[in-house]
Amino acid sequence: MEDTEKYPRQGLIMVVCAPSGTGKSTLISRLREEISNFGFSISYTTRAPRGQERDGREYHFVSRDKFIAMRSRGEFAEWAEVHGNFYGTAIKPIHDMLGEGKDILFDIDVQGALQLRKAFPNGVFVYLLPPSKVELERRLRGRGTDSEETIVKRMDNALGELKQAHEFDYWIVNDDLGVAFEQLKAVYYAGCTKPGLRPEMVADMINTWRDDV
Ligand code: ADP
Ligand code: 5GP
C-alpha cells in the first residue's frame, strides 16, 4: 500500500520488544503474513544451533572469536549479550535492504533495540505490554514450552523489562489480539510516511512545481 510510485521510499526499520510470553512472536508472524515488504535480518550468534536450526537460516552461527573480531571491525549495527551468548546484527545487509526499499522487522532484545534507535532514527520502536501480571503468567504456562524454573525466571525478568518501556515510541497492550494487531499495523503504516524515508521528495516537488501541469 504505497501512496506514490513516483517517489519510492527507503525501507523502514521496525523493532518490537516485549517481556517473554506477551505475544510478540504471534503478532510478528501475523504482520509478516499480511505485509509482504519485510526482508529478513539474520543475526549472528555465538550460541549453538538448536533442533532443526540451520546456519544462515535462523542465525549465522559463529565462534566467540569470530564474533569479537567482527565487533571490533565495527561490522555490527547493534549487539548484545543475552543469557551468556552474543547476538548481533550486521550493518551491511541492513543498509542494502533499506536502500532497496525493503522494510525490516526486528525481534531483538531491548539493549539491541536502543542501539538501533541511535543508528536508525527513522525507525519505529514498539513496546508490547501484557494486560496484567496474572495474564502474562497464564500465557507463559499456556504456551507449554517452558519449564517451571524458566517460567519463574521469565516472570522475574518481566518487571525489569517493563521498566525499559519508556524508551520506546509506541506502547501496545496485547489484551485482545485483534486490537493489538490493528494497532501494530497502524504503527507500521505511519512509520512508512516518515519524511526521512523520502528525504528528497518535497524539495523535488518544489523544484518542479511550476513545470507540473
Ligand atoms: P512471546 O513471543 O512474546 O514470548 P508468544 O507469541 O509465544 O509470546 O505468545 C505466548 C502465548 O500467549 C502463546 O500461547 C500465544 O498463543 C498466547 N497469546 C498471544 N497473544 C495473545 C492474546 N492477545 N490473548 C491470549 N493469548 C495470547
Ligand atoms: P534465542 O537464543 O532464544 O534465539 O534468542 C534469545 C534472545 O536473543 C531473544 O530475546 C532475541 O530477541 C535476542 N536476539 C536474537 N537476535 C538478536 C540480535 O541480533 N541482537 C540482539 N540484541 N538480540 C537478539
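Look up a bit, the structure's there.
For the structure given in this document, a descriptive report is provided here. (Residues numbered from 1 in each chain as written. Chains lettered and ligands numbered in written order. Predicted model: local features only at pLDDT ≥ 70, side-chain atom pairs only at ≥ 80, totals over all residues. Heavy atoms only, no water.)

This part takes up the overall build of the protein chain. Helices and strands together make up the secondary structure of the protein chain, namely 8 helices and 9 strands. On the principal axes, the C-alpha backbone points of the protein chain span a range of 70 × 45 × 30 Å. The buried share among the 213 residues of the protein chain stands at 40%. Counting only contacts in the protein chain whose residues sit at least 6 apart along the sequence, the fraction spanning at least 24 positions is 68%. A total of about 12,500 Å² of accessible surface is found on the protein chain, and carbon and sulfur atoms cover 52% of it. (Helix = DSSP H or I, 4+ residues; strand = E, 2+ residues; numbered from the N terminus. Buried < 20%, exposed > 50% of the residue type's maximum accessible area, 1.4 Å probe, protein only. Contact = heavy atoms within 4.5 Å. Areas by Shrake-Rupley, 256 points an atom, 1.4 Å probe, with all protein chains shown as cover.)

Before going further, it helps to spend a moment on the packing of aromatic side chains. Within this structure, the stated rule accounts for 9 aromatic pairs. Seen from their ring centres, Phe-38 and Tyr-188 are 5.2 Å apart, and the 55° between their planes marks the pair as tilted. Remark: Tyr-188 occurs in helix 7 (residues 177–192) and Phe-38 occurs in strand 2 (residues 38–39); sequence separation between them is 150 residues. Residue class for Phe-38 comes out buried when judged on its relative accessible area of 7%. Residue classification places Tyr-188 among the buried residues on the basis of a relative accessible area of 3%. Here a set of aromatic residues connected by ring pairs shows up, and it is made of Tyr-44, Phe-67, Phe-76, Trp-79 and Phe-86. Over the aromatic face of Trp-79 sits the side chain of Arg-71, whose NZ or CZ is 4.4 Å from the ring centroid. The ring of Phe-86 has Arg-71 sitting right over it, with the charged end atom 5.2 Å from the ring centre. (Phe/Tyr/Trp six-rings, centres within 6.5 Å; stacked < 30°, edge-to-face > 60°. Lys NZ or Arg CZ within 6 Å of the ring centre and 35° of its normal.)

Around ligand 2 sit 14 residues in total, of which Ser-43, Arg-47, Tyr-59, Tyr-87 and Asp-109 are the nearest. In this structure, an oxygen atom belonging to ligand 2 sits 2.9 Å away from a side-chain N or O atom of Arg-50. Coverage of ligand 2 by the protein amounts to 82% of the 520 Å² it exposes when considered alone. Of the residues that constitute the shell around ligand 2, the class distribution is 5 nonpolar, 4 polar and 5 charged. (Near = heavy atom within 4 Å. Polar contact = N/O pair within 3.5 Å; in protein donor to acceptor, adjacent residues only side chain to side chain. Nonpolar A, V, L, I, M, F, W, Y, C, P; charged D, E, K, R; others polar.)

Turning next to the side chain of Ser-43. Among the secondary structure elements, Ser-43 is positioned in the loop between strand 2 and strand 3 (44–45). When its relative accessible area of 14% is taken as the criterion, Ser-43 is described as buried. Not counting the four nearest positions on each side in its chain, Ser-43 is found in contact with Tyr-59, His-60, Gly-88 and Thr-89.

Of the pockets and cavities examined, the second largest pocket occupies roughly 200 Å³. Here the lining of the second largest pocket takes 6 residues from helix 6 (residues 148–162), the largest share from any one element. Taken together, the residues of the lining of the second largest pocket sort by class into 7 nonpolar, 1 polar and 3 charged. (1 Å grid on protein atoms, 1.4 Å probe; cavity = no way out; pocket = protein on both sides within 12 Å on 5 of 7 lines; lining within 4 Å. Points joined across faces, edges and corners; volume = space filled by probe spheres on them.)

The geometry of helix 1 (residues 24–34) relative to helix 7 is characterised by a closest axis approach of 10 Å and an angle of 55° between their N-to-C directions. Relative to helix 7, the element helix 1 is oriented oblique. Seen along the crossing, helix 1 lies across helix 7 with a hand that is right-handed. Residue-level inspection shows Thr-26, Leu-27, Arg-30, Leu-31 and Glu-34 of helix 1 in contact with helix 7, the latter providing Leu-177, Ala-180, Phe-181, Leu-184 and Lys-185. Class assignment of the residues belonging to the contact of helix 1 with helix 7 gives a composition of 6 nonpolar, 1 polar and 3 charged. (Axes fitted to C-alpha atoms, helices over the stretch in contact; angles between N-to-C directions. Parallel < 35°, antiparallel > 145°, perpendicular 65-115°, else oblique. Left-handed = near helix turned anticlockwise from the far one by under 90°.)

Here the structure, examined in full by the defined rule, presents 15 salt bridges. The salt bridge involving Arg-47 is made with Glu-53; its shortest N-O contact spans 2.8 Å. Pair check on accessibility: Arg-47 and Glu-53 agree, each one buried. For Asp-169, the salt bridge identified is with Arg-117, shortest N-O distance 3.1 Å. (Salt bridge = Lys/Arg side-chain N within 4 Å of Asp/Glu carboxyl O.)

Here the focus is the sheet that holds strand 2. With respect to topology, 5 strands assemble into an open sheet ordered 2-7-1-8-9, the strand pairing being parallel. The open sheet is flanked by strand 2 and strand 9 (170–173), the only strands paired with a single partner. Note that strand 8 (residues 124–129) and strand 9 share 4 bridges and pair parallel. Considered in strand 9, the bridge of Val-126 is made with Tyr-170. (Pairing = 2+ DSSP bridges.)

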